[in-house]
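What follows is each chain in one-letter form.
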Amino acid sequence: MAERPAARGGWGGWGAAVRDDPFGYFAEARARCPVQRVHLADGHPAWVVLGYDAARQALNDPRISKDMVAALAEDGDVVAEGLPGPQFSRHMLNVDPPDHTRLRRLVSRAFVPSRVAALEPAIRGIAEGLLDELDEAGPGATVDLVEGYAHPLPFAVIGELLGISPADRPRLHAWFQVLLTEWAGDPPAGAIEASAKIVAYLRELAETKRRSPAGDLVSILTAADGDALTTQELLSSLFQLVVAGHDTTTSLIGNAVVALLDHPDQLRALLADPGQLPAAIDELIRFTAPVPHATFRVTTEPLRIGGVEIPPHEQVLVCLGSANRDPARFSEPDTLDLGRRDGPNLGFGHGIHYCLGAPLARLEARVAFTALFGRHPRLRLAVSRDTLAWAHGDGLVLRGLLSLPVVLGPAAAGMNHHPIRSKSSRRNR
């Protein structure tokens, strides 16, 4: 198949209209061919996989490697190194078995069902505390739901899981916000500086937990025997856990709130029957694509996907946002249907790299929506819908709102929620 640039700026280098609502663009591309060769915005060639069946194969085909370091050693121009760089790429999302098996087994100790379930009271307390703070602005005031709720909630949760001191979370949060801001070309000085500060902080955190272990995940990883991590694997895993543990859930919460406000009938049905919420979260992930593309993959030998031959040593980009709206798999795929019964989607991936944190993300989303709409069922946008910008993230793997200005409205009558605390008594996020 002839190479065809996906857009003026390459696949991912879209203008604001496509960036904010890429699904029509994905559909047009998918209709041409479920697998096609493109140029990415950074200039690298890649094969983008758009159809559901082809995506499911690509996500679980052993001939498609996740080992970024090995791929760069084979061809230093196969992918942009990014920040913090290859030395932070030895985590379970960027390696193949048997290293993947070993790393996933170690990290999975933090995600056993009992440990995840035990986090629910803490997550609920964080959510209610954040809403208390937003409520201080008054029922008619405009507040930013991303800045004040969707972002700090999962960041506080991953801080609890990793054992990051509450006093350290604000500066670490700020560094990640700078690092995860989209840019074109070479990384700007601010991103390089933020990356260096994150690296230094994670090194210090690992050393502190090694000297004085506790019950958190960092302590578990530093104390692992037998399958112990190298320093590179440990630091890479910590970096990946912070990013995957907060940024994707932030986008899920913000994107889903907009989708529900766009579909008031669906929101009313959900408010009338909160028992729908677990299934509704999966549908919101399918529909809003907080992770529109899976992370780096590269072919190790020739293979055929979706009827297209792909040579070895070629980057493969699986477009989850397109696959999850494939009409060959989902009926009326461009319709938000919280009662959908089409079966599972690929929002959390598929195969051996299926998202280990999926149960935690679902729990956070369930608590976040229950607290938010339970207290403020009449929440509404404070700005015109077409002014919202999905410009947070890298334009490929992460798709989130820069901000979400809303008017919360008065709290629901008779609602039981935590009383507003004084500023001096609040948890330091």
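What counts and what doesn't
Residues numbered from 1 in each chain as written. Predicted model: local features only at pLDDT ≥ 70, side-chain atom pairs only at ≥ 80, totals over all residues. Heavy atoms only, no water. Axes fitted to C-alpha atoms, helices over the stretch in contact; angles between N-to-C directions. Helix = DSSP H or I, 4+ residues; strand = E, 2+ residues; numbered from the N terminus. Parallel < 35°, antiparallel > 145°, perpendicular 65-115°, else oblique. Left-handed = near helix turned anticlockwise from the far one by under 90°. Contact = heavy atoms within 4.5 Å. Nonpolar A, V, L, I, M, F, W, Y, C, P; charged D, E, K, R; others polar. Pairing = 2+ DSSP bridges. pLDDT = per-residue confidence, 0-100. Core = buried A, V, L, I, M, F, W, Y, C linked by side-chain atoms within 4.5 Å. Buried < 20%, exposed > 50% of the residue type's maximum accessible area, 1.4 Å probe, protein only. Expected span 1.5 Å × (residues − 1). Polar contact = N/O pair within 3.5 Å; in protein donor to acceptor, adjacent residues only side chain to side chain. Lys, Arg positive; Asp, Glu negative; His and termini not counted. Salt bridge = Lys/Arg side-chain N within 4 Å of Asp/Glu carboxyl O.

Engineer: Pulling in residues and values, what's your account of the packing of helix α11 (residues 189–211) against helix α13 (residues 231–262)?
Structural biologist: One can describe the packing of α11 onto α13 by two numbers: an axis separation of 10 Å at closest approach and a directional angle of 115°. As summarised for this structure, α11 and α13 are arranged roughly perpendicular, according to the angle between their axes. The chirality of how α11 crosses α13 is right-handed. On α13, the residues that touch Ile198, Leu202, Arg203, Ala206 and Arg210 of α11 are Thr231, Leu234, Leu235, Leu238 and Phe239. For the contact of α11 with α13, the class distribution of residues is 7 nonpolar, 1 polar and 2 charged.

Engineer: Account for the sheet that holds strand β2 (residues 45–49), with residues named and values stated.
Structural biologist: Taken together, the 3 strands give an open sheet; going across it, the order is β1-β2-β8, and neighbouring strands pair in mixed fashion. Taken across any chain shown, the strands that pair with only one partner, and hence form the sheet edges, are β1 (35–39) and β8 (316–318). When strand polarity is set aside, the average angle formed by the axes of neighbouring strands in this sheet is 35°. With 5 bridges connecting them, β1 and β2 associate as antiparallel partners. The partner of Arg37 across the bridge, within β2, is Trp47.

Engineer: Now, about the confidence of the model for the chain: what can you tell me, with residues and values included?
Structural biologist: Mean pLDDT over the chain stands at 86; residues scoring 70 or higher make up 88%. Low pLDDT, under 50, characterises residues 1–8; the predicted model gives this stretch 13 contacts beyond four residues in sequence or across chains. Scored below 50 in pLDDT, residues 414–429 makes 33 contacts in the model with residues more than four places away or belonging to other chains.

Engineer: Pulling in residues and values, what's your account of the nonpolar core?
Structural biologist: Counting 89 residues, the largest nonpolar core has Leu145, Tyr149 and Phe369 as its most contacted members. Tallying contributions element by element places α13 first for this core, with 14 residues. Not counting residues up to four positions away in its chain, the partners in contact with Tyr149 are Ala127, Leu130, Leu131, Leu134, Asp144, Pro154, Val367, Ala368, Ala371 and Leu372. Counting 22 residues, the second largest nonpolar core, distinct from the first, contains Val49, Ala55, Ala294 and Leu320.

Engineer: Go over α11 with me, naming the residues and quoting the values.
Structural biologist: Over its 23 residues, α11 extends 33 Å from the first C-alpha to the last, a length consistent with the 33 Å expected when each residue adds 1.5 Å. Buried residues of α11: Ala191, Ala194, Ser195, Ile198, Val199, Tyr201, Leu202, Leu205, Ala206 and Lys209, and no others. Against α9 (152–162), α10 (169–179), α12 (217–222) and α13 lie the buried residues of α11.

Engineer: I'd like to hear about the pairing of β2, residue by residue, with values.
Structural biologist: The element β2 is largely enclosed, with a buried count of 4 among its 5 residues. With 3 bridges joining them, β2 and β8 adopt parallel strand pairing. Paired with Val49 across the two strands is Val318, which belongs to β8.

Engineer: Go over the side chain of Asp168 with me, naming the residues and quoting the values.
Structural biologist: As for its placement among the helices and strands, Asp168 is situated in the loop between α9 and α10. Separated by 3.1 Å, the side chains of Asp168 and Arg171 make a polar contact.

Engineer: Can you tell me about the side chain of Arg297, naming the residues and giving the values?
Structural biologist: Along the chain, Arg297 turns up in the loop between α15 (277–288) and β5 (298–299). It turns out Arg297 is buried and unbridged, and the closest side chain with the opposite charge, Asp96, is 8.1 Å from it. A distance of 3.3 Å separates a polar atom in the side chain of Arg297 from the backbone oxygen of Thr295. With residues up to four places along the chain from it excluded, the contact list for Arg297 reads Ala58, Leu59, Ile64, Ser65, Lys66, Glu314, Gln315, Val316, Val318 and His353.

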